[in-house]
2 protein chains.
Amino acid sequence: MSKSLVVLSPADPAACCPPLSQVPLSAEQAGQVAPLLKALAEPVRLRLMSLVASHPGGEACVCDLTNAFDLSQPTISHHLKVLHEAGLLDREKRGVWVYYGARTEALASLGTLIGDPPQQPGPG
Amino acid sequence: MSKSLVVLSPADPAACCPPLSQVPLSAEQAGQVAPLLKALAEPVRLRLMSLVASHPGGEACVCDLTNAFDLSQPTISHHLKVLHEAGLLDREKRGVWVYYGARTEALASLGTLIGDPPQQPGPG
DNA sequence: ATAAGACATCGGACTCTGTCAATATAGATG
DNA sequence: CATCTATATTGACAGAGTCCGATGTCTTAT
């Protein structure tokens, strides 16, 4: 099986485009990627993402996450929803509890998009 | 000259911490990194950053950037200021023109922080 | 000195976002 | 059924963000 270049996975919008520093992002591409960054660009959500991603198994229960902050339960629930709808967290209900899992591929794509160095111009 | 490991460059807050997926980010670390992401988490600024970073020499004149958007000159100026104050763009005046240059190290740090995969647990 | 061009800053209108209290939903248990 | 617990949704509000037109600043040219 080949991971086709043509596929535009809706769950991984950052995979849409070459790194920032290599080719100018189109308006459309920017419009796809910005929501991902916006979801991460908030201290509480950044910590939530990190808590989940660094948890054993890459997932964590909401109850653990809620206790890690000095914020109300609805607020944590809201932030988790934002991360989930951005495609950065998976959501799975098990009995009474809800587990959120990190979409590490999405994080990896985003990291590559942002961080990859500019290409050297070829000779000639 | 050595680029010391001890230095916490104020211009590169993303260099403060190990990747998201390896160790939970502290509140303080999240508070340092989030502004960088917030600066990028806007379609126009994302495109501006990409335009500058992918420009030959990694820098571009404001006049070029302003023409690339359907927005007023003050609006572009505002977005460039946000990116500059976040530490993602350098600013240099040459005669009448102002050139903005991409801080590729900051981008690289940010990319690593977000995108690096979780560490394998050691045996034992 | 006057004028013109490149860019920044200001002040406002309007929208978006983070937070909480209150309430709803859904599964487990008596 | 009633009740308890875990999580989500709603509604309200303050603060922050985006955008524009008007204006200010700095540099070069005449």
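Whatever comes next refers back to the structure up there.
Rules and cut-offs
Residues numbered from 1 in each chain as written. Chains lettered and ligands numbered in written order. Predicted model: local features only at pLDDT ≥ 70, side-chain atom pairs only at ≥ 80, totals over all residues. Helix = DSSP H or I, 4+ residues; strand = E, 2+ residues; numbered from the N terminus. Buried ≥ 20, exposed ≤ 12 C-beta atoms within 10 Å, placed from the backbone. Contact = placed C-beta atoms within 7 Å. Nonpolar A, V, L, I, M, F, W, Y, C, P; charged D, E, K, R; others polar. Pairing = 2+ DSSP bridges. Axes fitted to C-alpha atoms, helices over the stretch in contact; angles between N-to-C directions. Near = placed C-beta within 6 Å.

A. Representation of the overall build of chain A within the structure. Scanning chain A for helices and strands turns up five helices and three strands. Each of the 124 residues in chain A was classed as buried or not, and the buried ones make up 38%. Of all intrachain contacts in chain A linking residues separated by at least 6 positions in sequence, the fraction that spans at least 24 positions is 59%.

B. Highlighting the interface of chain B and chain A. With 37 residues of chain B in contact, the opposing surface of chain A contributes 37 residues. Secondary-structure elements contributing two or more residues to the side of chain B that touches chain A are helix 1 (27-40), helix 2 (43-54) and helix 5 (104-115) of chain B. Residues of the side of chain B that touches chain A, tallied by class, amount to 23 nonpolar, 10 polar and four charged.

C. Summary view of the sheet that holds strand 1 (residues 59-61) of chain A. All names here are of chain A. A sheet is described by the order of its strands in space; here three strands give the open sequence 1-3-2, paired in antiparallel fashion. If you trace the sheet from one side to the other, it starts and ends with strand 1 and strand 2 (89-94), each paired once. Within this sheet the neighbouring strands show an average axis-to-axis angle of 25 degrees, counted without direction. Of the pairings in the sheet, the one linking strand 2 to strand 3 (residues 97-102) comprises six bridges and is antiparallel in character. Of the residues in strand 3, the one forming a bridge with Asp90 is Gly101.

D. Structural detail: the protein's contact with DNA strand D. Taken together, 22 residues lie around DNA strand D, and A:Cys63, A:Pro74, B:Ser72, B:Pro74 and B:Thr75 are the ones closest in. The element contributing the most residues to the surface near DNA strand D is helix 4 (residues 73-85) of chain A, with six residues. Each residue belonging to the surface near DNA strand D can be placed in one class, and the counts come to 13 nonpolar, seven polar and two charged.

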